[in-house]
Amino acid sequence: MDRNEIIEITKQKIKEKLNNADQKIINLSQIIEKIPNNINELYEQLRVITDQEYPTLDQALTIKEYVSFYLLENKSEENIKEINISDKNINEINKIKNSKISIDLNKDINNITLNLAKDILNLIETKERIDLEIEKLLQENYVNAYHIATPQILCKMLEIAGSFKRLSRFPASTIQLLGSEKNFFKALKFNKNTPKYGIIYNHPLVVSLPFKNKAKFSRTLAAKISIAIKADITNNEIYPELNEKIKIKHKELK
Amino acid sequence: MKMNKNLIIKEKLIFTKDINTNKNREWNPFHSKIAAGIRKGLIPNINQDSKILYLGAAEGYTVSFISDLIENGIVYGIDISPYSMQKLVLLSEDRKNIIPILEDCNLVNEYKAFIETKVDLIIQDIAQKNQIEILKKNANLFLKKKGEIILSLKLSAISQKNINIIDRELKDLETDFRIIKKVRLEPFEKKHVLVFAQKK
């Protein structure tokens, strides 16, 4: 075969490999993993200065509310209501204003911190948009697994497996332990008890159970996730039935 | 063995003559295992017109120096990662003797059609558990009779527990190849052995 022909084929293959849904989901979930840490770090740095003006306000508001409140030019009550802050929290803000324990920052410092606050708000919005994009991609391609395993857990499983096709070849017992490989092989090496769950531990249904029943339920859940993934490969929609079975088991163990 | 005229070794530094600009480029032994091997006294038998199959080409640092050594030859660079292959394809636009192939080295039949004539030398730089099996598969299909191989064995990729497995691995290799020389790459690369052998 001619050299140029081979290079053309290689270029096409690169495009095919990079342009599949699995790769996009993995890339996006890798970005999203680090963003919350960055937000928290910047938020702490912002509060070093803004705490002088609004002390203890961070306990009442979420990060997004706090930052968008701080970014308001005119902090009148109507404007505050527009950014979806509840009445209870507005009372809290007024209490802090009237308590006379805070100082007014000068303009120069305020200009710097306003920029920092804008960055934080941008990061929060980016994270929300990526979340939406991941959910959209998962719903388009893997409906069953999306509804049963929740997007965050499915993303992490995809990251470990590399691709959805490879994930579909895993047995349920492997899916149950995905994420705890280090502990698992350590236990095998020293003849100790093997772990009972991996990433599945963070599933909302597992979290809500008493500690005693978590392992039992995560086994059921892993089995159902495994079935859901296999159904996605064959384009069947069976998640309502699977969900019902999971809920019955969840009721038993609660 | 006659040394390649484009390979220059001066005061413990290794240079190659660039095919495009004719200037000397320094070959860093800390980045490339073949260069580390040259520093340790294992000089590869590469002619001006030899054909080389490079398994595990990655982004093409070593491949670019090998393309300097073979002015009239060809080097086939094979790798599995699409991200590395993007850079290798860009490199192949500057250097006309590189052919990039995006495939898995395990699946020989997938790229059998691309390599028509047999090659003189196979260089393998992939850290896998079944490294020697992969090398044998490729050598059976693509290597000339009495052709040579350069194999970089990453010992920690084969077994984490037992590092003294060189003998066992080389015994496996000796069924098909005659080992000429082996060196450890110790100051440049940890737990690596470079093996130079010839097909029986």
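What counts and how
- Residues numbered from 1 in each chain as written.
- Chains lettered and ligands numbered in written order.
- Predicted model: local features only at pLDDT ≥ 70, side-chain atom pairs only at ≥ 80, totals over all residues.
- Heavy atoms only, no water.
- Contact = heavy atoms within 4.5 Å.
- Buried area = accessible area lost by both parts, 1.4 Å probe.
- Salt bridge = Lys/Arg side-chain N within 4 Å of Asp/Glu carboxyl O.
- Polar contact = N/O pair within 3.5 Å; in protein donor to acceptor, adjacent residues only side chain to side chain.
- Helix = DSSP H or I, 4+ residues; strand = E, 2+ residues; numbered from the N terminus.
- Nonpolar A, V, L, I, M, F, W, Y, C, P; charged D, E, K, R; others polar.
- Axes fitted to C-alpha atoms, helices over the stretch in contact; angles between N-to-C directions.
- Parallel < 35°, antiparallel > 145°, perpendicular 65-115°, else oblique.
- Left-handed = near helix turned anticlockwise from the far one by under 90°.
- Buried < 20%, exposed > 50% of the residue type's maximum accessible area, 1.4 Å probe, protein only.
- Arc of directions from axis to C-beta.
- Pairing = 2+ DSSP bridges.
- Domains from an automatic or database assignment.

## Details of the interface of chain A and chain B
Consideration 1: Taken together, the contact pairs 14 residues of chain A with 20 residues of chain B.
Consideration 2: Roughly 1500 Å² of surface becomes buried between chain A and chain B when both sides are summed, with 64% attributable to carbon and sulfur atoms.
Consideration 3: The closest approach of N and O atoms between B:E103 and A:K13, which form a salt bridge, is 2.4 Å.
Consideration 4: Taken together, the links from chain A to chain B amount to ten residue pairs in polar contact (both at pLDDT 80 or more).
Consideration 5: Among the secondary structure elements, those contributing two or more residues to the side of chain A that touches chain B are α1 (3–18) and α2 (21–50) of chain A.
Consideration 6: In terms of residue class, the side of chain A that touches chain B is built from six nonpolar, three polar and five charged.

## Section: unusual backbone geometry
Consideration 1: The backbone phi angle of A:N235 is positive, close to 60°, even though this residue is not glycine.
Consideration 2: As for its placement among the helices and strands, A:N235 is situated in the loop between α13 (214–233) and α14 (239–253).

## Describing the packing of α2(A) against helix α3 (residues 63–71) of chain A
All names here are of chain A.
Consideration 1: Put simply, α2 and α3 touch, their axes get as near as 12 Å, and they point 45° apart. One finds that α2 runs oblique with respect to α3. As α2 packs across α3, the resulting crossing turns out to be left-handed. On α3, the residues that touch I39, N40, Y43, L46, R47 and T50 of α2 are I63, Y66, V67 and Y70.

## A word on helix α6 (residues 166–173) of chain B
All names here are of chain B.
Consideration 1: The complete set of buried residues in α6 reads I166, E169, L170 and L173. The arc enclosing the buried residues of α6, seen along the axis, measures out at 95°, which places them on a common side. Turned more than 90 degrees off the buried face of α6, the exposed positions are D167, R168 and K171.
Consideration 2: Among the structural elements, α4 (131–142), β8 (143–154), α5 (155–158), β9 (177–184) and β10 (192–199) are those in contact with the buried residues of α6.

## As for the side chain of B:Q124
All names here are of chain B.
Consideration 1: Along the chain, the position of Q124 falls in strand β7 (residues 119–124).
Consideration 2: On the accessibility criterion, Q124 (1% relative accessible area) is buried.
Consideration 3: A polar atom in the side chain of Q124 sits 3.1 Å from the backbone oxygen of Q131.
Consideration 4: The residues contacting Q124, other than those within four sequence positions of it, are L55, Q131, I134, L135, I150, L151 and S152.

## What about the sheet that holds β7(B)?
Residue and element names in this part refer to chain B.
Consideration 1: With respect to topology, seven strands assemble into an open sheet ordered β6-β5-β4-β7-β8-β10-β9, the strand pairing being mixed. Every other strand in the sheet has two partners, leaving β6 (98–102) and β9 as the edge strands with one partner each. Averaged over all adjacent pairs, the angle separating strand axes in this sheet is 15°, with direction ignored.
Consideration 2: Across five bridges, the pairing between β7 and β8 is parallel. When the sheet's bridge partners are listed, I123 is paired in β8 with I150.
Consideration 3: Contacting β5 (74–79) and β6, helix α3 (residues 82–94) crosses the sheet at an angle of about 160° to β6.

## A look at the environment of B:Y111
Consideration 1: Tracing the sequence through the fold places B:Y111 in the loop between β6 and β7.
Consideration 2: As for B:Y111 and B:I78, which are separated by 33 residues in sequence, their C-alpha atoms are 9.2 Å apart.

## Notes on the domain arrangement of chain A
All names here are of chain A.
Consideration 1: Segmentation of chain A into domains returns domain 1 (3–135) and domain 2 (144–253).
Consideration 2: Distance from the C-alpha centre of domain 1 to the C-alpha centre of domain 2: 32 Å.
Consideration 3: Taken together, the contact pairs eight residues of domain 1 with nine residues of domain 2.
Consideration 4: Across the interface of domain 1 and domain 2, roughly 730 Å² is buried in total on both sides, 62% from carbon and sulfur atoms.

## What about the sheet that holds strand β3 (residues 24–26) of chain B?
Residues and elements named next belong to chain B.
Consideration 1: With respect to topology, three strands assemble into an open sheet ordered β1-β2-β3, the strand pairing being antiparallel. The sheet is open, and its two borders are formed by β1 (7–10) and β3, each paired with just one other strand. Neighbour-to-neighbour, the strand axes of this sheet turn through a mean angle of 35°, independent of strand direction.
Consideration 2: The pairing of β1 with strand β2 (residues 13–17) spans four bridges and is classified as antiparallel. If you follow L7 over to β2, its bridge partner there is T16.
Consideration 3: Strand contacts of helix α2 (residues 61–69): β1, β2 and β3, with the helix running at about 150° to β3, the strand carrying the most contacts.

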